[in-house]
Each structure stands twice: as C-alpha cells, then as structure tokens.
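Residue-level structure breakdown
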Amino acid sequence: METISIVVPCYNESDVIKMFYEEVSKVAASIPDSDYELLFVDDGSKDDTIGQIKAFAEQDAHVHYVSFSRNFGKEAALYAGLKNAVGDYVVPMDADLQHPPEYLPEMVRILRTGEYDAVAMRRVDRKGEGKIRAFFSRQFYKFNRKISGVDIVDGATDYRMMTRQVVDSVLSMCEVNRFTKGIFAWVGFRTKWLEYHNVERPAGESKWSFRSLVRYSLDGITAFSTAPLVIASYLGIFFCMLAIVGMIAVVVKTLIWGDPVAGYPTLITVILFIGGVQLCMIGILGQYLSKAYLEIKHRPIYIAREEHTGKHD
Ligand code: UDP
Ligand code: MG
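Treat the numbers as computed from the prediction; the structure is a model and nothing was measured.

1. Things to note about the side chain of His64
Locating His64 in the fold gives a position in strand β3 (residues 63–68). A relative accessible area of 13% places His64 in the buried class. In this structure the side chain of His64 is engaged in a polar contact, spanning 3.5 Å, whose partner is the backbone nitrogen of Gly310. Discounting residues that sit within four places of it in the chain, His64 has contacts with Glu37, Leu38, Leu39, Phe40, His308, Thr309 and Gly310.

2. Details of the pairing of strand β4 (residues 89–92)
Taking every second residue as pointing to the same face, both faces of β4 are buried, with Tyr89 and Val91 on one and Val90 and Pro92 on the other. Looking at chain direction, strand β1 (residues 2–10) and β4 are connected through 4 bridges and run parallel. Looking across to β4, one finds that Ile6 is bridged to Val91.

3. Observations regarding the site of ligand 1
For ligand 1, the set of nearby residues contains 16 residues, the closest of which are Glu13, Asp43, Asp96, Ser206 and Lys207. Taking Tyr11, its main chain carries an N or O atom lying 2.8 Å from an oxygen atom of ligand 1. For ligand 1, the accessible surface in isolation is 530 Å², of which the surrounding protein chains cover 88%. Across the shell around ligand 1, the residue classes break down as 5 nonpolar, 4 polar and 7 charged.

4. Brief notes about empty space enclosed by the protein
Over the atoms, a rolling probe the size of a water molecule traces out where space has been left empty. Under the criterion given, the structure shown has 1 cavity of 30 Å³ or more. Along the walls of the largest cavity sit Glu75, Leu78, Tyr79, Leu82, Val170, Arg178, Thr180 and Ile183, which together make up its complete lining. Elements that contribute at least two residues to the lining of the largest cavity include exactly α3 (74–84) and α7 (180–187). Element by element, the count of residues in the lining of the largest cavity is highest for α3, at 4 residues.

5. Remarks on the pattern of salt bridges
Counted according to the given criterion, the structure contains 11 salt bridges. One network of salt bridges, in which partners are shared, links Lys54, Arg305 and Glu306.

6. Quick notes on the confidence of the model for the protein chain
Residues with a pLDDT of 70 or more make up 98% of the protein chain, whose mean pLDDT is 86. Element-level pLDDT for the protein chain is lowest in helix α5 (residues 131–148), with a mean of 80, against a maximum mean of 95 in β4.

7. Overview of the packing of aromatic side chains
All told, the structure shown has 13 aromatic pairs when counted by the stated rule. Ring geometry for Phe68 against Phe72: centres 5.5 Å apart, planes inclined by 90°, an arrangement best described as edge-to-face. Accessibility assignment for this pair places Phe68 and Phe72 in one class, buried. Through successive ring pairs, a cluster of aromatic residues spans Phe20, Tyr21, Phe40 and Phe56. One residue, Arg70, lies across the ring of Phe72, its end atom 3.8 Å from the ring centre.

Quick notes on the rules
Residues numbered from 1 in each chain as written. Chains lettered and ligands numbered in written order. Predicted model: local features only at pLDDT ≥ 70, side-chain atom pairs only at ≥ 80, totals over all residues. Heavy atoms only, no water. Helix = DSSP H or I, 4+ residues; strand = E, 2+ residues; numbered from the N terminus. Buried < 20%, exposed > 50% of the residue type's maximum accessible area, 1.4 Å probe, protein only. Polar contact = N/O pair within 3.5 Å; in protein donor to acceptor, adjacent residues only side chain to side chain. Contact = heavy atoms within 4.5 Å. Pairing = 2+ DSSP bridges. Near = heavy atom within 4 Å. Areas by Shrake-Rupley, 256 points an atom, 1.4 Å probe, with all protein chains shown as cover. Nonpolar A, V, L, I, M, F, W, Y, C, P; charged D, E, K, R; others polar. 1 Å grid on protein atoms, 1.4 Å probe; cavity = no way out; pocket = protein on both sides within 12 Å on 5 of 7 lines; lining within 4 Å. Points joined across faces, edges and corners; volume = space filled by probe spheres on them. Salt bridge = Lys/Arg side-chain N within 4 Å of Asp/Glu carboxyl O. pLDDT = per-residue confidence, 0-100. Phe/Tyr/Trp six-rings, centres within 6.5 Å; stacked < 30°, edge-to-face > 60°. Lys NZ or Arg CZ within 6 Å of the ring centre and 35° of its normal.

If you want it as structure tokens, here you go:
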C-alpha cells in the first residue's frame, strides 16, 4: 500500500482552493490500495488562502501545509513541497485545477507496474492562452533545448508523479536558482509521457505577466546552459580576423593611392558597433556572475512561518 503525496503550491488562490480541495480529495480517495496526503504550500499569499487551508486541515487528517514567511515564488514552493512530502509517490499539482486530477489513478497505475520512475503530463495545445504568449513559449523551449542539451519537452508541465527515488534526486540538487522543469529533465529516469488538453482556470487569475515569463525564460537559459558565454569568444575571434583583413586592405590602399583623410563616419560606426558588442558580452558575463553570487551566499530556498506536515524528523 503506497502513500501518494499531492504537493500544491498556492499563491493567492482563495477563489479556487476549495473547489480544488474537494475535487482532488474525491479522486485521491478513490485510488485503490493507497493512502494520500494533500500538502499545500502557501507561498506568502496575501488573501485568505492559508485560512482556508487550515480549515481543511482541522477536519481532514490528509491535509498538511507549509506556510511561507513571504512570497518566494513557485519554484521555492515546489521545493518545500517535495522536501516535506512523505509519500512513496509524489505529484506536484497547480491549485487552479489546470492540472486535471482525473489522471491521478492512471499515473499511480503506471508507476505500480515498475516500468517507469515518473509519469509526466504534456500539454498538447495552448488553448485559452494569448497567441503571442504561446508563440514565445514555444520558441523558448526550442531555443533552450538547443543550447542547453537538456531535453525539456515542449508543453511539459510540473504535473508529474514521481517515485521516492526521483524526488530524492530532485532534492539533491540544492541550487537556489531553481528552474524546476530543467531539473526534472536533468535528473533523467524512465519517464512516461501522457498528453492532455489545456484546461482554463475556473476562477482566480494567472500569476504570470509577460514580463515575468521573459525573466523566467532567461533564468531557465542561464540555469542550464553556459552557451551564451561562448558567444563572446566566437565573436572576438570573428572581429580579430575582420580587423586583420581590414589592416591589410588599408596598407595596400595607402601604398597604391596615397593617404587622403577619409572614412571618419565609417570609423565612428565601427567603434560604436564593437563597443555595443562588448557591452552586450559583459552583460552576459554579469548575468552568470550574479547567478553565481546568489548561489554562493547559500541562502535558504524558502523560510517557513508555520509547518504542519507528516515529517517527524
Ligand atoms: N504560484 C506560487 N507562487 C507564485 C506564483 C504562482 O505558488 O509566486 C502557484 C499558483 O498558486 C498555482 C501555480 O503556482 O498553483 C501555477 O500558477 P499560475 O496558475 O498562475 O500559472 P499558469 O497556470 O498561468 O502558468
Ligand atoms: Mg494556472
């Protein structure tokens, strides 16, 4: 008999959390030969999310929670959830019912066969998402796959059930800058992919603005690839060669036609261009340096204000 831990990061989800709790409890209770734990991680919500979670916990022993001292972001909430989960199988789920609970029994069934270590869900469409947003998301996954060498499947979500072994491997990656999708892909293991159609939020709103998504994708790139750093070296070599060719051209030209002063605007343009490229490369260096700086501080990934979990250590 296995215990299933359902890990739920929540940030200002008071509009949907009750609906979520009721639906997921129903499905989880229906899975044969298993027990379950619903572990909510309140990511410093400013509304009544934690109040509602506590109310569930009071009358339902399946409900556990961790409450953060402030908003640390979804990645931190996921980490806290995986860390405090006691189950043999652990599955993160969004609180907004965009991860359809009806797949849970199927996931358990697949893991029980022992053929796979994880069952992951892949969204096959982006219905209900803005066209521009969907386009950029797709480009990001393509680009990231190319340069990082980590196979992040397009449409992959955080909705995946993992065995204890996979969860422990994920937790063993203790970086502060956590790009969970990349981490899941990086740890490997035998993963079965199930497909589903996008579900729109029944209530509440997405916490992602376009800007935060751009920041998220840049973080994703720097977290798993150092390829941008290499660009500088290649560009440097390219410009050196260009300069040598230019030098020869100037010498030859002077020898043949003499030395009339000309080309001032060209000179300025070239200086500006090279300067721009250099600043850009220093910027990339800075991105990595700042990441290294934050990692080296060894700050905790989250700070809990309150905990009510199944962990007894
Ligand atoms: N979330 C969180 N902390 C945050 C932002 C989001 O824990 O700072 C949670 C949120 O409550 C939800 C999940 O992460 O359960 C996914 O968020 P959302 O639905 O806003 O993202 P989307 O589905 O639009 O990608
Ligand atoms: Mg959502």
